[in-house]
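# Secondary and tertiary structure notes
Listed below are the residues making up each chain.
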Amino acid sequence: MDMKIRTMAWRNLWRRKRRTYITAFSIGFGVLLSVTFTGVADDSYTKMINTSAVMGLGHVTIEPKGYNETPSLDKRLTGADRLREKLLQMPGVQDALIRIMGQAMLASANKSIGGAFMAVDPSMESAGQNLFIRSIIEGQLFSGTDSAGAVVGTTTAKKLNLSIGKKLVYTTTDVNGEIVSEIARVTGIFKTGVSEVDGAMILLPIDRVRSVLSYGPYDATLVSIVIKDQRRALKMLDEIDSMLDDPSREVLNWRETQSELASIITLDKAGNRIIQVLIGLLIAAGILNTLLMSVMERTREFGIMMAVGMAPFTLFRLVIIESVWFGILGLLIGVIITIPWYAFMHYHGIDFSGMIGSDYSASGVLIDPLVKIRLFKESAAWILTSVFTLTILSGIYPAWRAGRVPPVESLKEL
Amino acid sequence: MKILSIASRNVFRNWRRTLVTTLAMGFAGFIMILFASLMQGLLQASERNAVLMDLGDIQIHASDYREDPDLYKMIENPGRILLALKQAGFHAAKRLYGFGLAAAGSTSSGVQLRGIDLSTESDVTQINQHLLKGSWLEEADPKGIVIGRKLAKTLGVNTGDELIFVGQATDGSMANDVFTIKGILKSVGEEIDRTGLYMVENAFRELMILPEGAHEIAVMRADRSMDLEAATKIATNLAPGYETLNWRELKPVIARILDLADSQMIILVIITYTAVAMVVLNAMLMTVFERIRELGIMKALGVTPWQLMLLVYAETFIQVSAAVILAGLSGSLLSRYFEHNGIDLSSLAEGASFGGVAIDPVWKAYLTPESVAIPVVFLFIIAFLAVLYPAIKAALIQPVKAIHHR
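Residues numbered from 1 in each chain as written. Chains lettered and ligands numbered in written order. Predicted model: local features only at pLDDT ≥ 70, side-chain atom pairs only at ≥ 80, totals over all residues. Heavy atoms only, no water.

## Quick look at the interface of chain B and chain A
Taken residue by residue, the interface counts 71 residues in chain B and 69 residues in chain A. In total, chain B and chain A occlude about 5,500 Å² of area from one another, counting both sides; carbon and sulfur atoms represent 68% of this. When the buried surface of chain B facing chain A is broken down by residue, Arg16, Ser106 and Met278 of chain B rank first, second and third, together holding 10% of it. Summed over the shared surface of chain B and chain A, the number is 1 salt bridge. Here Lys150 of chain B and Glu260 of chain A are joined by a salt bridge, their closest N and O atoms 3.7 Å apart. A per-element tally of the side of chain B that touches chain A places helix α10 (residues 252-289) of chain B first, with 20 residues. In terms of residue class, the side of chain B that touches chain A is built from 37 nonpolar, 20 polar and 14 charged. (Contact = heavy atoms within 4.5 Å. Buried area = accessible area lost by both parts, 1.4 Å probe. Salt bridge = Lys/Arg side-chain N within 4 Å of Asp/Glu carboxyl O. Helix = DSSP H or I, 4+ residues; strand = E, 2+ residues; numbered from the N terminus. Nonpolar A, V, L, I, M, F, W, Y, C, P; charged D, E, K, R; others polar.)

Structure below.
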């Protein structure tokens, strides 16, 4: 019996080919739209999170307690090198970098601006894990951890009238709260494209900064951890936290250390959801319409079926199965039309730099104008489930109508 | 006329289908109107944050000051330009900028010093009302300062706390003094939030040893309807020898995002409406195909193909009109509601910014004619495109075949 209902439902679908095609195509189109919206979001959030992570703080950050609230330089980690060794052995950790980050006043001969510094060990850092090194457009990173080198942003260079080899004075407060200054020579200039960043951040050699701040040889303000897959940041955080087990330190994820980025992503996600729910509802309305019409025009047929002994519930099931078939067919069409589009958008993408420019930033993180699609497994599963749920839900009312056909009266109709 | 009455009868004949189709269209239109006005609200708030809190409409600087913000690159005679601007019907205020290090407790941070002329600044910007905590600057309290919120966080300070400023004065001497934090600003934008330190003009002049001149004149149109470009031209002529730019030129990223808002909206509307188009296409196809016999008879009686096409379009028109009325009313009503009662995002969007301008924590809608017109016009266009195929089908029906159709 079951078998028969399924076949019957399938055949019913093809009694009106055009209508079925349009309905199934609308489901398929919904899949395409959903994949596009979700895929663009998945990809751009990942890019933004990863870009932000290499701007200093990583996906997960180990900091002295309270540093995230007020990042003052008297708070510091000791034994950062041993910490790094341990972290590098953890699976899932791409890299762990020891850094000192703080605020400073940057000055040249007769000008000064407010800025920030990131003291790094050049032997640890790489272009992949450090956006500023990756963005060097002139000169190079200083070599040696105790040199007098500095890498500055283009806007800083312009404002302070700096070029390669020129002198720069940075002033900050040391571990005791004393104001201290040091001279550095510009070895490189970077350009990230975000003027707020290019006009504030400088890179300094870590051991020189340690001595300026009166830090010990293995002291640092933070260990920045880059995770291979940003979505695992939260899980990795727990692992790192339990490994560390030190109340004087805090392990934070990017949502906590880069809260502005987290808020912009949350906002964007909400808008995205609204659009997707809307599209889903519209497609559901289409399915509802089709099924309702097909039930209405089969009133007589259903009447006969009931008269020959088919239970109302069987009719209900018949229509529900029809809607399931719609779902399967729609998904199939969806997959067929989505694959080439996805391939194009995944590997090639569309360049919007002509429209939004290449210096558009959100919460201080540059947005890549090359829009690509990348769908996470969870998102794909989510889309599949929602399409099925929607088709079945929109079949309920028509199915209920079908089960309620009064046999005698419907037979009287033409 | 007859066509319209036939069409309306046809529409009501299958009222359930009409209802589902119209509701789907109306609902899509409603969401799009709401979405458009919320987007507009967000962008207007950004523009307001940029213009009303900081930039003003137009700014005047010494010609190379923006490139290279030097304490010595000043507008020599701000008084004369200010007077001229005032006579031309502008609000204008002079500002002073300096840089240095602010220290509190054991932390320090680089800051941008902003010397404000209290008597005129409030005509130009509303920064004085944009406080998170505490109160705005007062002439009587030259040691009282107001700072940006991220700076307050970095320094770990609150209102009432002391803050030491260290910098270099114009004569090359060390400029330092102790100030008391009177107020902390709400989010304005990355730069002010991170480095902004406001003080009264006289305190600035004394600290940095700068008795005369100004680094910037911020100008606001007194008449908001005045064209920005035209206003910029007038201001340029009033400040010969200086660089005069409007906020669109000063913040091209924000201007670009605002300009793009409408085209982004159109793209979104088209994508969403494509789903609507399928609903409409299917519904109208059904109405045509279940009436093939009827349409064939009409044709046999002498109704022309054009009239049949017109009939299908009239039916669509009735449904889209109903949907548009529904969408327009509900969309603008709810948008109006959100204009007055913003959505509180402060727990969600604290400190978020785009293009360097802060996003307001209370998201209000802003209903513009465009945010209603774009969704409405495109609903008509897309529905009419979708119905093209059923309409042609109806027009091309062959009477003999159709009459035998079952």
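## Structural notes on the domain arrangement of chain A
Put simply, an interface is often sized by how much accessible area is lost when its parts join up. All names here are of chain A. One can read the domain layout of chain A as domain 1 (2-50 + 262-410) and domain 2 (72-220). Averaged C-alpha coordinates put domain 1 and domain 2 at centres separated by 51 Å. Contacts between domain 1 and domain 2 engage 5 residues on the former and 4 residues on the latter. Roughly 270 Å² of surface becomes buried between domain 1 and domain 2 when both sides are summed, with 61% attributable to carbon and sulfur atoms. In this assembly, domain 1 and domain 2 are joined by 0 salt bridges. (Domains from an automatic or database assignment.)

## Remarks on the pairing of strand β9 (residues 222-227) of chain A
Residue and element names in this part refer to chain A. Counting buried positions over the 6 residues of β9 gives 6, a clear majority of the element. Side chains Leu222, Ser224 and Val226 project from β9 onto one buried face, and the interleaved Val223, Ile225 and Ile227 project onto a second face that is buried too. Bridging between strand β1 (residues 60-64) and β9 involves 3 bridges; their strand directions are antiparallel. Pairing of Ile62 across the sheet is with Val223, part of β9. Sheet topology places strand β2 (residues 93-107) next to β9; 6 bridges connect them, and they run antiparallel. Within β9, the residue paired with Val93 across the bridge is Ile227. (Buried < 20%, exposed > 50% of the residue type's maximum accessible area, 1.4 Å probe, protein only. Pairing = 2+ DSSP bridges.)

## Some words on the packing of aromatic side chains
The relation between two aromatic rings is expressed through the spacing of the ring centres and the mutual angle of the planes. All names here are of chain A. Summed over the entire model, instances satisfying the criterion amount to 13 aromatic pairs over all chains. Ring centres of Phe132 and Phe190 lie 5.0 Å apart, and the angle between their planes is 55°; on these two criteria the pair is classed as tilted. Placement of Phe132 in helix α4 (residues 131-134) and of Phe190 in strand β7 (residues 179-190) is noted, with a sequence separation of 58 residues between them. Exposure class is identical for Phe132 and Phe190. Each is buried. Three or more aromatic residues link up through ring pairs in this structure, and these residues are Trp10, Trp14, Tyr21 and Trp325. Of note, Arg231 hangs over the ring of Phe376, and the distance from its end group to the ring centre comes to 3.6 Å. Across the ring face of Trp382, the terminal group of Arg273 is positioned such that the distance to the ring centre comes to 5.1 Å. (Phe/Tyr/Trp six-rings, centres within 6.5 Å; stacked < 30°, edge-to-face > 60°. Lys NZ or Arg CZ within 6 Å of the ring centre and 35° of its normal.)

## Digging into the nonpolar core
Of all hydrophobic cores here, the largest spans 112 residues; its most connected members are Ile62, Ile100, Phe117, Val223 and Ile225 of chain A. Here this core takes 8 residues from helix α2 (residues 15-55) of chain B, the largest share from any one element. Here this core spans two domains, and each of domain 1 (2-50 + 262-410) and domain 2 (72-220) of chain A adds at least three residues to it. Among the nonpolar cores identified, the runner-up in size contains 94 residues, and Met32, Val269, Leu367 and Phe378 of chain B belong to it. (Core = buried A, V, L, I, M, F, W, Y, C linked by side-chain atoms within 4.5 Å.)

## Here we look at the confidence of the model for chain B
Mean pLDDT over chain B: 87, with 98% of residues reaching 70 or higher. Model confidence for the complex is summarised by a pTM of 0.82, with the ipTM given as 0.75. (pLDDT = per-residue confidence, 0-100.)

## A short note on a nonpolar patch on the surface
All names here are of chain B. On the surface, Trp15, Leu19, Leu23 and Leu326 cluster together to form a nonpolar patch covering roughly 400 Å² of accessible area. Ranked by the residues each element gives to the nonpolar patch, the list is headed by α2, at 3 residues. Among the secondary structure elements, Leu19 is positioned in helix α2. Its relative accessible area of 44% is what places Leu19 among the partly exposed residues. (Patch = residues over 30% accessible without salt bridge, like charges linked within 9 Å, V, L, I, M, F, W, Y side chains within 5 Å. Areas by Shrake-Rupley, 256 points an atom, 1.4 Å probe, with all protein chains shown as cover.)

## Considering the packing of helix α10 (residues 259-296) of chain A against helix α12 (residues 312-347) of chain A
Residues and elements named next belong to chain A. Where α10 contacts α12, the two axes come as close as 11 Å, and the packing angle between them is 140°. By the criterion of interaxial angle, the relationship of α10 to α12 is oblique. Crossing handedness for the pair α10 and α12: right-handed. The residues of α12 that touch α10, namely those facing Thr290, Leu291, Ser294 and Val295, are Val319, Glu322, Ser323 and Phe326. Of the residues that constitute the contact of α10 with α12, the class distribution is 4 nonpolar, 3 polar and 1 charged. (Axes fitted to C-alpha atoms, helices over the stretch in contact; angles between N-to-C directions. Parallel < 35°, antiparallel > 145°, perpendicular 65-115°, else oblique. Left-handed = near helix turned anticlockwise from the far one by under 90°.)

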